[in-house]
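Summary of the model geometry
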Amino acid sequence: MTQNFDVLIIGAGSAGCVIANRMSADPNCRVGLIEAGEFPSDPDIKDPLKWPALAGRDFDWAYQTTPQTFTADRIHDWPRGRIVGGSSCMHAMAHVRGHRDDYLAWHQVGGDQWSFDTMLEAFKRSENFPIPEAVGHGYEGPLDIYLPSDDVSPVARAFMAAGNALGVPQLRDHNSGPLAGTAPNSLSLRNGQRLSVADAYLTPEIRARQNLTLITGWEIDRLRMDGCQVVEVVATRANETWALSANQIVLCAGSVSTPLLLMRSGIGDPSVLEKAGITCKVKNAQIGANLQDHLLALGNVYRSAKPVPPSRLQHSESLMYLNSEDLTRSDASPDVVLACVVAPSVAPGLAAPPYGAAYTILCGVTHPTSRGRIIPGGPDRRTAPLIDPHYLETEYDRTTFRKALKLARTIGHHSAMDEWRDLEVLPGADITSDEAMDAFIARAASTHHHPCGTCRMGNDAAAVVDPNLRLNGLENVFVVDASIIPRIPSGPINALVVAIAENWAAHQQA
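In short, a report on the structure. (Residues numbered from 1 in each chain as written. Predicted model: local features only at pLDDT ≥ 70, side-chain atom pairs only at ≥ 80, totals over all residues. Heavy atoms only, no water.)

1. Considerations on the overall build of the protein
Within the protein one finds 11 helices and 24 strands. For the protein, the C-alpha radius of gyration of 22 Å lies close to 24 Å, the compact-globule estimate for 510 residues. Each principal axis of the C-alpha atoms in the protein carries an extent, and together these give about 70 × 50 × 40 Å. Of all 510 residues assigned to the protein, the portion counted as buried reaches 61%. (Helix = DSSP H or I, 4+ residues; strand = E, 2+ residues; numbered from the N terminus. Rg over C-alpha atoms; globule rule 2.2 N^0.38 Å. Buried < 20%, exposed > 50% of the residue type's maximum accessible area, 1.4 Å probe, protein only.)

What follows is the structure, given as structure tokens:
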């Protein structure tokens, strides 16, 4: 038996929740939303301080990369949310739109629909900032954004003061206009608790709409095609299968699961599919390619001269976006980012001081140029995929990462942090040469959990989706999630994924 919809959304993560809300606002539109996971039940999800401990639980897809040559041949864990709300139930809750220049490449390949000014309106539709709209924030959207003030750690305040003393601009927040500078992190919190995108967009009132059907606990196995149309979506649970159909099928499964679903269905690069034992039915060679992610070095760790007060937020309290050529320019597009974590934060294999006895300055590259690929491990959805992000493959990434680490240490050793600094634990005083710093970065670099780009949007023949996010080669399939990102933005991508979905839905309803 087949269940039919006008719009069927695959994946109730950040993008899927937005689209389900916006498309079902039309009572004449029958909307289905299907999710492999269930509604959150783990109380730790709500606690902003517990996010580092959520990886590996039963709502995590728990992906892993292949060994990475330039990160000391390490395999990296890639947590992704298998839950209503997706990875917004697991991330660090920072809300960052990015820099205006981040969207120049988007505008070039997607037209005015993807310019910064258009995207700004989509961001504002999503946001509920506690300040007037006149300063450039949204204040009537579903997604509450909290701006910390008195609850910012004194360690994070010293971190920002060190930057200010070097000429780094002090910003009220990173969404007021300029991005280069430092500020307390804007956070998706409500009443001191994590606010997932599902909490914001799939409220009980929204879920009660008669034309919205939310299906949980069913995983999508494949898409069945007839010519240029997908005629059935095959879902599975235990030993059961279920066929669904729709006039429009919207893939919102994320940068890993969306390309894997397409490739398992026979849509992709023929040579890649053949190696995985899959017959190619629709050629689209770039599916799974153009994989991008942010790395952060975990980290530049300092033993503290006195006890570090527990965070009253979510540990990572302040970002500092910098143009390494001129730290004083607030209008410049940043090439590196630093983050103050008021706790020890180290990569696997590195020794951490006790909690309360250390703090960390993370560092990374805002626009890495390395590009990777995701391919299925075989035709069965239960076979682990091969995820190869090609971390630090380019000389630009390695050189710029070294700049970021040097800047982190400059901030960490500044007199503004004297009150808190006892000694540098990592990399350590003996790590001074470029070669030694590169070796440390290789051991310390870890995902910032921002995979994107694997179904690239563009106006060229090789693009996976066109500027309307329609999948090239199929008439009734759209991709609306982080996989469409042509070039990674400066900061965390969850706010952007929400805006992508808001933007697409608004154009569908226009």
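Let's pick the thread back up.
2. Some thoughts on the packing of aromatic side chains
Inspection of every chain in the model, using the stated rule, returns seven aromatic pairs. Ring geometry for Trp 106 versus Trp 114: centroids 6.2 Å apart, planes at 45°, classification tilted. Accessibility expressed as a relative area gives 0% for Trp 106, which makes it buried. Counting every residue linked through ring pairs, the aromatic cluster contains Tyr 103, Trp 106, Trp 114 and Phe 116. Directly above the ring of Trp 61 sits Arg 82, whose terminal nitrogen or CZ lies 4.4 Å from the centroid. (Phe/Tyr/Trp six-rings, centres within 6.5 Å; stacked < 30°, edge-to-face > 60°. Lys NZ or Arg CZ within 6 Å of the ring centre and 35° of its normal.)

3. Concerning empty space enclosed by the protein
One pass over the full model with this rule turns up two cavities of 30 Å³ or more. Taken as a whole, the largest cavity spans an internal volume of roughly 120 Å³. Lining the largest cavity are 14 residues, with Asp 293, Leu 295, Pro 368, Tyr 391 and Asp 397 positioned closest to its centre. For the lining of the largest cavity, the per-class residue count stands at eight nonpolar, four polar and two charged. Considering only enclosed or pocket space, the second largest cavity measures out at about 70 Å³ in volume. As for the second largest cavity, its lining consists of His 294, Leu 296, Leu 319, Tyr 321, Val 337, Val 365, Thr 366, His 448, His 450, Ser 490, Gly 491 and Pro 492. Tallied by class, the residues present in the lining of the second largest cavity amount to six nonpolar, six polar and no charged. (1 Å grid on protein atoms, 1.4 Å probe; cavity = no way out; pocket = protein on both sides within 12 Å on 5 of 7 lines; lining within 4 Å. Points joined across faces, edges and corners; volume = space filled by probe spheres on them. Nonpolar A, V, L, I, M, F, W, Y, C, P; charged D, E, K, R; others polar.)

4. So, the packing of helix H3 (residues 116-126) against helix H11 (residues 494-509)
Contact pair H3 / H11: the axes reach a minimum separation of 8 Å and the direction vectors enclose 105°. Taken together, the axes of H3 and H11 are roughly perpendicular relative to one another. Taking contact as the criterion, the partners of Thr 118, Met 119, Ala 122, Phe 123, Arg 125 and Ser 126 in H3 are, on H11, Ala 495, Leu 496, Val 498, Ala 499, Ile 500, Glu 502, Asn 503, Ala 506 and His 507. The residue inventory of the contact of H3 with H11, partitioned by class, reads nine nonpolar, four polar and two charged. (Axes fitted to C-alpha atoms, helices over the stretch in contact; angles between N-to-C directions. Parallel < 35°, antiparallel > 145°, perpendicular 65-115°, else oblique. Contact = heavy atoms within 4.5 Å.)

5. Details of the packing of helix H9 (residues 395-412) against helix H10 (residues 434-444)
Two elements in contact, H9 and H10, have axes separated by 10 Å at closest approach and are oriented at 95°. By the angle between their axes, H9 is roughly perpendicular relative to H10. Taken together, the residues of H10 that come into contact with H9 (itself represented by Arg 398, Phe 401, Arg 402, Leu 405, Lys 406 and Arg 409) are Asp 434, Met 437, Asp 438, Phe 440 and Ile 441. Of the residues in the contact of H9 with H10, the class split is five nonpolar, no polar and six charged.

6. Some points on the state of the cysteines
Applying the stated criterion across every chain yields a total of zero disulfides. The thiol sulfur of Cys 228 is not disulfide-bonded, and the nearest other cysteine sulfur, from Cys 280, lies at 13 Å. Take Cys 455: it sits in no disulfide, and the sulfur closest to it among the cysteines is that of Cys 252, at 11 Å. (Disulfide = S-S within 2.5 Å.)

7. Here's the deal with the pattern of salt bridges
Counted by the stated rule, this structure contains 32 salt bridges. Notably, a salt bridge pairs Asp 460 with Arg 456, separated by 3.0 Å at the nearest N-O pair. We classify Asp 460 as partly exposed; its relative accessible area is 29%. Linked by salt bridges that have partners in common, Asp 42, Asp 44, Asp 47, Lys 50 and Arg 57 make up one network. (Salt bridge = Lys/Arg side-chain N within 4 Å of Asp/Glu carboxyl O.)

8. Remarks on the side chain of Glu 35
Tracing the backbone shows Glu 35 in strand S2 (residues 31-35). No salt bridge is formed by the buried Glu 35; the nearest opposite charge belongs to Arg 82, separated by 6.2 Å. Discounting chain neighbours no more than four positions away, the residues touching Glu 35 are Gly 11, Ala 12, Gly 13, Arg 82, Ile 83, Val 84, Ile 215, Thr 216, Gly 217 and Trp 218. (Lys, Arg positive; Asp, Glu negative; His and termini not counted.)

9. Considering the nonpolar core
Ranked by size, the top nonpolar core spans 163 residues in total, and within it Leu 338, Leu 471, Val 480 and Ile 500 carry the most contacts. Per-element accounting of this core gives the leading share, nine residues, to H11. (Core = buried A, V, L, I, M, F, W, Y, C linked by side-chain atoms within 4.5 Å.)

10. A word on the environment of Gly 491
With respect to the helices, strands and loops of the structure, Gly 491 is situated in the loop between strand S24 (477-479) and H11. Taking the C-alpha atoms as reference points, Gly 491 and His 99, separated by 392 residues in sequence, lie 8.5 Å from one another. When sequence neighbours within four positions are dropped, the list of residues in contact with Gly 491 reads Val 96, His 294, Tyr 321 and His 450.

11. Brief notes about the layout of surface pockets
By volume, the second largest pocket is sized at about 170 Å³. Lining the second largest pocket are 13 residues, with Glu 38, Phe 39, Asp 58, Phe 59 and Arg 82 sitting closest to its centre. Classifying every residue of the lining of the second largest pocket gives six nonpolar, three polar and four charged.

12. Re helix H4 (residues 154-165)
In this model H4 runs 16 Å from its N-terminal to its C-terminal C-alpha over 12 residues, within 8% of the 16 Å that 1.5 Å per residue would give. Listed as buried for H4 are Val 155, Ala 156, Ala 158, Phe 159, Met 160, Ala 162 and Gly 163. N-cap assignment for H4: the residue whose side-chain oxygen lies 3.1 Å from the backbone N of Val 155 is Ser 153. Among the residues trailing H4, Gly 167 stands out with phi positive, at a value near 95°. (Expected span 1.5 Å × (residues − 1). Polar contact = N/O pair within 3.5 Å; in protein donor to acceptor, adjacent residues only side chain to side chain.)

13. Quick word on helix H1 (residues 14-23)
Counting buried residues in H1 gives nine out of 10 residues, a clear majority hidden from the surface. When we look at burial in H1, the residues that qualify are Ser 14, Ala 15, Gly 16, Cys 17, Val 18, Ile 19, Ala 20, Asn 21 and Met 23.

14. Remarks on unusual backbone geometry
Residues apart from glycine generally show negative phi values, whereas peptide bonds are mostly found in trans. Across the junction of Leu 298 and Gly 299, the peptide omega takes the value -20°, indicating a cis bond. With respect to the element layout, Gly 299 can be found in strand S16 (residues 295-304). Following Leu 426, the chain continues into Pro 427 via a peptide bond in cis, with omega recorded as 0°. With respect to the helices and strands, the residue Pro 427 is situated in the loop between strand S22 (421-426) and H10. A positive phi is found at Met 93, a non-glycine position, where the angle reads about 75°. Here the phi dihedral of His 449 falls at roughly 65°; this positive angle occurs in a residue that is not glycine. For His 449, the position within the fold is in the loop between strand S23 (445-447) and S24.

That's the geometry; what it means functionally is another story.
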